[in-house]
Each structure stands twice: as structure tokens, then as C-alpha cells.
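For reference, the chains in residue letters:
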Amino acid sequence: MGFWSFSVFILIIAISAYWYGNTKALRLNSNSIEKLPSLPKYYGNYALIWLIFPCLLGVFLWITLNTYILDTILINHLPKELENSFAGGINMLVDRVKTINIDNPFPGTNPELIDAAIFLENKSNEVRAYFLWGIISISVLLCFVSLKKISFKFKARQAVEKSNVTLLILCSIVAIITTVGIVFSLIFEAMRFFDQVSIFDFLFGLSWSPQMAIREDQVASQGSFGAIPLFTGTLLITLIAMLVAIPVGLASAIYLAEYSSSTTRSIIKPLLEILAGVPTVVYGFFAAITVGPFFREFADFFGFNIASESAIAAGGVMGIMIIPFISSLSDDVISAVPQSLRDGSYAMGATHSETIKRVVLPAALPGIVGAILLAVSRAIGETMIVVMAAGIAANLTSNPFEAVTTVTVQIVTLLVGDQEFDSAKTLAAFALGITLFCMTLFLNLYALKIVQRYRERYE
Amino acid sequence: MKKSGNLMSSKIKISSKDVSVFYSQNKALNNITFDIDEKKVTSLIGPSGCGKSTFLRCLNRMNDTIDICKVKGKVLIDNEDIYAPNVDPVLLRARVGMVFQKPNPFPKSIFDNVAYGPSIHGLASSKDELENIVLTSLQRAGLYKEVKNRLSETGTSLSGGQQQRLCIARAIAVSPEIILMDEPCSALDPIATAIVEELIDELVKNYTIVIVTHSMQQAARVSQNTAFFHMGNLIEFGSTQKIFSTPQFKQTQDYITGKIG
């Protein structure tokens, strides 16, 4: 039985279970003076839930356990001699068997391996059939029991609502588990990196050149993994981006929310939001071929010599990219400030601009801070513009006209191309990742605290 | 109509002449003409949507902040038309304070709430002077004793009645001549209402007060003159006592006795 026929089968059972539950409830209602405690459709839904939940759980179990079960079966099946003769251990052998194309094996492949692959294929079909039939029989049984339960004493609505809540909880747990999973995978890889490079050198080293010797005798083999230049580069570019985005974004938000007529607003706001829809790659080459050379010529004019790949080009363009975030979110927040506060201020004889400065903006501050912090984390995570406009040279500098690089760009360059997954060079990406994660985490926590404090004050 | 003796002796502070208000095409007020006496409480009563709040907002040109709202006619304060082209509404509103239906303290500390007006108008030349203005205003609004130890707390942390008195203190901090009150007690409980009403009795010694109210009892308690509005028209205006005891028009009587409203 294939997966699709299984799905169709379950769907048919589901529809009939719902229909039957519904009809049985209706029949009970019409045949007696006593009425069921819930509406008929809840009885149908209840049966449906008892069919679908076990099904999903079963499929989930199957997906998680399948590889493990098949590997165990295969390992037990493979003859010891083959295992011993194969260089690279049992796990390599299992992977080798799995990659064999049974219909058209690579000429010269060991026939024993091909046999094993065919065996594996058969077993895999067998295991899948067991699982699918198991799932079907268990869930149909549960569904049947739930249909049997329909009576005047059974409150289906409460049961259905309870399972709705359970579903919502499960969904939120998925997000949490994913986050935890990401963090742990980062931590474990980063720990392997810190076995090879000391954490102190990584966090406080001033030089970044991630070269590792592939052969013992290679020249210039000793790399250095000091992350400081990357983090200063990230901060420099983020700072420049924010210097562009915050004033412009906030000013346009104030104009949109407070001064513009509704027609102007209906034109300008979508236009600003188009900025948010431009892919970052496009911004990247805009920065690299237009803004970068512009700054170089501009500096040439005054007799300075700067690189066309510079922090200011990347940061400036990134700032432009972020403007719509800040303006759109702040505009919503400012518009949400109650009119009664504005009226109160006008009634005191305050002008429009005094009202904005002293009443509206302070009241909107938590939201504006939130918008800015969202923009900061966007800027820190941005990669494409920096690759194209600021380069990959890890200079430790605070000069915005020099080329710098950021953490995310280095992660990309470390993981692009053929990599050994046990070399410090590759593992460094995970160390950078976890450090960046900690940084943004603390930034967010701090931001939440600020927002909380203002919220207490202003609401 | 004839006015009673004590009203005759009063000076006229605000004079409304043929005031009509339009929201887009809809006429909300129809040729309102009457005079408001200085240092008296004048209450505006009438069923919902009768235009009394709209009229109140004409007196400090708050209707200017609504784009679709057009005002015709003249409002004279001390014999000067406040709708004349050379009048700056911002300066006018410093002379005509306003207290709103729902207490709307700014998201600032109690002190800063009251200091807001004086500081934007530059009324205080030093910190001490500003503090003096704030404390006097709080005292006049009868709030000082309750908040003297918590001036730096946020204005929204006060109870509803205290918030409304804070708004009154805020309004009187710029020493206006007139205070407009738009149903100032409708969001308050009876005890807080009683306190605000006492405060109005106290304030009227120094200010001209115009109050919109839904409560006939409140109008009877606090005001010397009453204007009854219905469907955008001024039906009847006179001393409160007269309006409530011997109304001239049937509509007024129906409203006061609760037959319409």
C-alpha cells in the first residue's frame, strides 16, 4: 500500500465517520424527547478527531523510527565478512548500500552489496506496509469506539474543544522544539570547534583568517580565528544602516500618520512598502555598482583614496532597505495613539508639532522602539548586500570607507563549496552562528525590558 | 425672553451669533444665538446627537482639527470674533481650556501633565516658578493633598475621578478665562462626580465655565444658566431655575421630565 492510497483511504473513512457521527446524533435527537448535550456536528467532529490524531501520530512515529528500524535490519542481515572487508566501518557500509540504484547499478559494484540493496528495498516496503496497516487499524478502532460513545450522557462539545486546545498547544510546542533543536545543533558543532581553537582566542582574537592545513606540509597553514573584526564589522554596518533608516523612517512615519491627507497616504504608503519587497540581491548590486563607486568618486574629488567596497556603501543601502520596516511599523503605532490625547494637547493651546513631539511620540515610544529593534536584527542578519558591497576582507577598523565584513558573510563563505566537516574552518561557522545568536538574543531581551518599562509608564 | 435680576448684572463673556456647523453636507447646528455670562456656570443639555458637544467645540475652535467640519456665524469672546482670520487658534485655546468626557491624562508624570501647558506657552521663567504654577493648579483642582507624595508617578496610575481632576488642573495651569467641560463626569462614579461638582462650584469664582451634561440633576446642581438643545437647534435658554421649574417649550419640558431623551 502506497502513501497516497493510504491518504485517500483515511480521507474516505474520515468523511464517513463524520457523516455517521452526525447522523447518529441527529437520529438520537429526533427519536427522543431528551436532547443530546451538544450539537450534532460536534459528535461528527469528535469521531473525526479520534481518527485523524492517531493517524498523524502514527505517521510521525513511522517517519522518525523508519530509518532506525531499517538500519538495524540491514546491519543484522549483512554478513560479517563483508563488513570486515569494507574500509570505513559499518555506518559507511550502510550508507553505501542505500545509495545503490537497484535498477541500474554502477558497473563493477560488488554483487553482495547489490543483493543487500535489493533486500533493503523489500524490507522497506514491508515495514511501510506494517506501519500503514497498523496506523489504519488503530485509528479506525479508536474512531469506532468514539462513535459508540455517542449518547445522551456524552458531552462532545467539551471534548472537541479540549482537543482543539491540545492542537494549539502542540503547534506552539513545534516552534519551541525547533528553536531548541537549532540551538543544540549549533552548540554541539561549536563545541567541536572549541576543541580545536580556544574559546578565548575566538572571542577576543583580533585577526580573522580561517585557513587550515589540509596536508601537514602546507604553507601558511595556521589559521587564526579571532572573531572581533567580524563583530566590529557587523556593528559598524548595522550602525550606519540605523543612522540612515531611523531618522528617515521615523520622519516619513510621522508625516504619513500626522500630516498627510488620506489620498497622499494611500499613494505613499504602498510605494514605501514596495521598497520592502525588493529582493536583497537587487539592493546588493545597487550598492556594489552604483553606491560604492559613487562614494569612491566622491572621495576622489576631495583627494581621498577609498575602496569601492566600503562599509558605508553597504550600510547606506541596507539603511534604505530597512526604511519601510521602521516607517510602516511606526506609522501604525503612531496612528494607534488615541485621538483623545491629541485633543487634550490641542485644547491646551499646543501646536501640531508640539503635540507630536511631547504627547504622541512619547505615547508611541514602546512601539517605535520595537520597530527599531526589529530593524536592527534584520540589519545584523542581512548578508547579501554586505557580500556584494562591503567585501569579505576581515579588517579591524572603524573607518566606514574601508572594506569590512560581517559575521553572516563569513558564515556563508565558510560553508560554500567543498568542505570537510571536521575541520576548524567549517566548524567556525557554527561558533559564529551561536555567538551571533547569543548577541541577538540578549539584544532582544534588553529591548523587551525597555519596552516593558515604557509600557508600565504609559498605559 | 426675560432674564432674572441677578443675571442682568453679569457681564457677557461669550456671545454666539448665528452659529451653524456642517459635517460635510450634514448640518449639525442651526443658527445658534445666545450669550454666556462671565464667571457663571452655563450648562448645555439635550438628547444625544443634539449638537451640544459640537457647539462646545466651536468655542475653542477644536472643530478645526476635524477636516470635514465647517463653522459659519460668529463667536465673540470679549467682543472679538474668534473665527476672524487674524485669530490664531493655538493662542485662543490657551485662553479657553477644555476638559473632556473621558479623562485623558498624557502618558507623563502627574507633575509633567500639569506643567505641559505652562511650559509650551513659556509661562514660567524658572523651575521654581513652574513648580509653583503646578502646585497651585493642583491645589485649585483639589488634587494636591492626594498626590503630593507621588508627583513623579504616571498620570494614568490615578483613579478615574483623580484623573479627571488632573485634567482640570492641567487646564487651569495656563490660567484660561473660560473652561469648557464636555460631560466631565460621565465616566465617573457618584462620589467622584460629587467631588468634581464641588470643584466646579469653587472654580466658577474665577473662571467662566460651560459644561455639557447628560444629567439633568447635575445641570440643576452646578449651573446658573441652562441651554437646551434639540436636533441641532437651541430650543430654550435661561436661568437654570427657570428652565427646570417653568420651561417655556413643550420639548424642554418633555426632556426634563424624561419623556424624550
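You'll find the structure just up there.
Residues numbered from 1 in each chain as written. Chains lettered and ligands numbered in written order. Predicted model: local features only at pLDDT ≥ 70, side-chain atom pairs only at ≥ 80, totals over all residues. Heavy atoms only, no water.

K.L.:
How should the overall build of chain A be read in this particular structure?
P.N.:
Looking only at helices and strands, chain A features 16 helices and two strands. Here the C-alpha atoms of chain A give a radius of gyration of 31 Å, more than 25% beyond the 23 Å that 2.2 N^0.38 yields for 459 residues. Buried positions account for 40% of the 459 residues belonging to chain A. Partitioning the contacts of chain A with sequence separation of at least 6, the portion at a separation of at least 24 is 71%. For chain A, the exposed surface amounts to about 25,200 Å²; the carbon and sulfur share of it is 68%. Computing the positive centroid from 29 side-chain charges and the negative centroid from 32, chain A places the two 18 Å apart. (Helix = DSSP H or I, 4+ residues; strand = E, 2+ residues; numbered from the N terminus. Rg over C-alpha atoms; globule rule 2.2 N^0.38 Å. Buried < 20%, exposed > 50% of the residue type's maximum accessible area, 1.4 Å probe, protein only. Contact = heavy atoms within 4.5 Å. Areas by Shrake-Rupley, 256 points an atom, 1.4 Å probe, with all protein chains shown as cover. Lys, Arg positive; Asp, Glu negative; His and termini not counted. Charge placed at Lys NZ, Arg CZ, Asp CG, Glu CD.)

K.L.:
Would you take a moment to explain the pattern of salt bridges for this structure?
P.N.:
Side chains bearing opposite charge may pair, as long as their charged atoms lie close to each other. Enumeration over the complete set of coordinates arrives at 21 salt bridges over all chains. Between A:Lys123 and A:Glu126 there is a salt bridge, with the nearest N and O atoms lying 3.5 Å from each other. One end of the pair is A:Lys123 and the other is A:Glu126, both in helix α5 (residues 111-148) and three residues apart, which spans about a single turn. Residue classification places A:Lys123 among the partly exposed positions, given a relative accessible area of 23%. Each of B:Lys11, B:Lys13, B:Glu38, B:Asp78, B:Arg95 and B:Glu177 takes part in salt bridges that share partners, so that together they form one network. (Salt bridge = Lys/Arg side-chain N within 4 Å of Asp/Glu carboxyl O.)

K.L.:
Explanation requested: the nonpolar core in the structure shown.
P.N.:
For soluble globular proteins, nonpolar side chains are generally found buried alongside one another. Judged by nonpolar contacts, the single largest core of 75 residues is most densely connected at A:Phe193, A:Met318, A:Ile322 and A:Leu432. The residue makeup of this core includes at least three contributed by each of domain 1 (3-193) and domain 2 (224-458) of chain A. For A:Phe193, the contacting residues outside a window of four places in its chain are A:Phe202, A:Phe225, A:Ala424, A:Leu427, A:Ala428 and A:Ala431. With 35 residues, the next largest nonpolar core counts B:Cys185, B:Leu199, B:Ile200 and B:Val222 among its residues. (Core = buried A, V, L, I, M, F, W, Y, C linked by side-chain atoms within 4.5 Å. Domains from an automatic or database assignment.)

K.L.:
Explain the pairing of strand β6 (residues 96-99) of chain B to me, please; I cannot follow it from the model alone.
P.N.:
Two faces, one strand: in a regular strand the side chains alternate between the faces of the sheet. Residue and element names in this part refer to chain B. Alternating residues of β6 divide into Val96 and Met98 and Gly97 and Val99, and every residue in both groups is buried. When β6 meets strand β7 (residues 178-182), the two strands line up parallel, connected through four bridges. Within β7, the residue paired with Val99 across the bridge is Met181. (Pairing = 2+ DSSP bridges.)

K.L.:
It is not clear to me how the interface of chain A and chain B should be interpreted in this structure. Could you clarify?
P.N.:
Quoted interface sizes are often the accessible area lost when the parts come together. Each partner contributes residues to the interface: chain A has 20 residues there, and chain B has 26 residues. Summing the contributions of chain A and of chain B, the shared interface buries around 1,900 Å²; its carbon and sulfur component is 60%. Where chain A touches chain B, the interface holds one salt bridge. A salt bridge links B:Arg57 to A:Asp343, with the nearest nitrogen and oxygen atoms 4.0 Å apart. Counting every contact that joins chain A to chain B gives six residue pairs in polar contact (both at pLDDT 80 or more). Elements with a contribution of two residues or more to the side of chain A that touches chain B: α12 (339-347), α13 (352-381) and α16 (424-458) of chain A. Looking at the side of chain A that touches chain B element by element, the count peaks at seven residues for α12(A). (Buried area = accessible area lost by both parts, 1.4 Å probe. Polar contact = N/O pair within 3.5 Å; in protein donor to acceptor, adjacent residues only side chain to side chain.)

K.L.:
Looking at this model, I keep getting lost on the sheet that holds strand β5 (residues 80-81) of chain B. Mind explaining?
P.N.:
Strand pairing within a sheet occurs via backbone hydrogen bonds; the two strands may be parallel or antiparallel. Residues and elements named next belong to chain B. Taken in spatial order, the four strands line up as β2-β1-β4-β5 in an open sheet, and their pairing is antiparallel. Among the strands making up the open sheet, the edge pair consists of β2 (26-37) and β5. Of the pairings in the sheet, the one linking strand β1 (residues 12-23) to strand β4 (residues 69-77) comprises eight bridges and is antiparallel in character. Looking at the pairing, Tyr23 lines up with Cys69 of β4.

K.L.:
Explanation requested: the side chain of B:Glu183 in the structure shown.
P.N.:
Residues and elements named next belong to chain B. Note on placement: Glu183 falls in the loop between β7 and α8 (190-203). For the buried Glu183, which has no salt bridge, the nearest side chain bearing the opposite charge is Lys52, at an N-O separation of 4.4 Å. For Glu183, the residues in contact, after removing those within four places along its chain, are Lys52, Ser53, Phe100, Gln101, Val212, Thr213 and His214.

K.L.:
Is there a simple way to explain the packing of aromatic side chains in this structure?
P.N.:
The geometry of an aromatic ring pair comes down to the distance between the two centres and the angle between the two planes. Residues and elements named next belong to chain A. Taken as a whole and judged by the stated rule, the model has 21 aromatic pairs over all chains. Judged by centre distance (5.5 Å) and plane angle (75°), the ring pair of Phe193 and Phe202 falls under edge-to-face. Here Phe202 falls in the buried class, since its relative accessible area comes to 0%. Judged by centre distance (5.4 Å) and plane angle (75°), the rings of Phe298 and Phe302 are edge-to-face. A residue is classified by how much of its surface remains accessible, and Phe298, at 47% relative accessible area, is partly exposed. For Phe302, a relative accessible area of 53% translates into the label exposed. In textbook terms, an aromatic cluster arises when at least three aromatic residues are bridged by ring pairs, as seen for Phe193, Phe194, Phe202, Trp208 and Phe225. The cationic tip of Lys41 hangs over the ring face of Tyr42; the distance from NZ or CZ to the ring centre is 5.7 Å. (Phe/Tyr/Trp six-rings, centres within 6.5 Å; stacked < 30°, edge-to-face > 60°. Lys NZ or Arg CZ within 6 Å of the ring centre and 35° of its normal.)

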